[in-house]
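Residue-level structure breakdown
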Amino acid sequence: MPSNVRADPLLPTGHITFLFTDIEGSSPRWDADQDDMAGLLAHHDRVVHDAVVGSGGRVFSTGGDGFGVVFGDVTS
């Protein structure tokens, strides 16, 4: 790692597992009903976040309707 880059101390190190999510087919749903999708996406985000954190993972990135997640030890 370059000397000017600091690692996030809350992210796991060593052998890690990444999970990337995306809601398939969400663009047409957004086009059809933005208000409904906004509410559904907020619910989706809470459910995914709580499941990740409850399983010992850490969300390191979000964008649109996707998550980037890292787990340190997936065997526990």
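Below is a short write-up of the structure.

1. What to know about the nonpolar core
The biggest cluster of nonpolar side chains holds five residues, and these are V48, V52, F67, V69 and F71. Elements represented by at least two residues in this core include exactly α2 (34-54) and β3 (66-71). Top element by residues in this core is β3. It accounts for three residues. In contact with V69, other than residues within four places in its own chain, are T17, F18, L19, V52, R58, V59 and F60.

2. Focus on α2
Spanning 21 residues, α2 covers 30 Å between terminal C-alpha atoms, matching the ideal 30 Å at 1.5 Å per step. Here α2 has its buried residues at M37, L41, V48 and V52. Taken end-on, α2 shows its buried residues confined to a sector of 40°, consistent with a single buried face. Structural note: α2 exposes D35, D50 and G54 on the side pointing more than 90 degrees away from its buried face. Where α2 is buried, its residues meet α1 (26-32), β2 (57-63) and β3. Two to three positions downstream of the cap, the backbone nitrogen of D35 sits 3.4 Å from a side-chain oxygen, assigning the N-cap of α2 to D33. Following α2 by one or two positions, G56 adopts a phi angle in the positive range, close to 85°.

3. Notes on the pairing of β3
Of all six residues that make up β3, six are buried, and the element is covered over most of its length. Going residue by residue along β3, you find G66, G68 and V70 tucked away on one face and F67, V69 and F71 tucked away on the opposite face as well. Relative to β3, β2 runs antiparallel, the two being bridged by six bridges. Along β3, the bridge assignment pairs R58 with V70. The turn joining β2 and β3, which pair antiparallel and follow one another in sequence, is formed by two residues; a positive phi near 60° is taken by G64.

Quick notes on the rules
- Residues numbered from 1 in each chain as written.
- Predicted model: local features only at pLDDT ≥ 70, side-chain atom pairs only at ≥ 80, totals over all residues.
- Heavy atoms only, no water.
- Core = buried A, V, L, I, M, F, W, Y, C linked by side-chain atoms within 4.5 Å.
- Buried < 20%, exposed > 50% of the residue type's maximum accessible area, 1.4 Å probe, protein only.
- Helix = DSSP H or I, 4+ residues; strand = E, 2+ residues; numbered from the N terminus.
- Contact = heavy atoms within 4.5 Å.
- Expected span 1.5 Å × (residues − 1).
- Arc of directions from axis to C-beta.
- Polar contact = N/O pair within 3.5 Å; in protein donor to acceptor, adjacent residues only side chain to side chain.
- Pairing = 2+ DSSP bridges.

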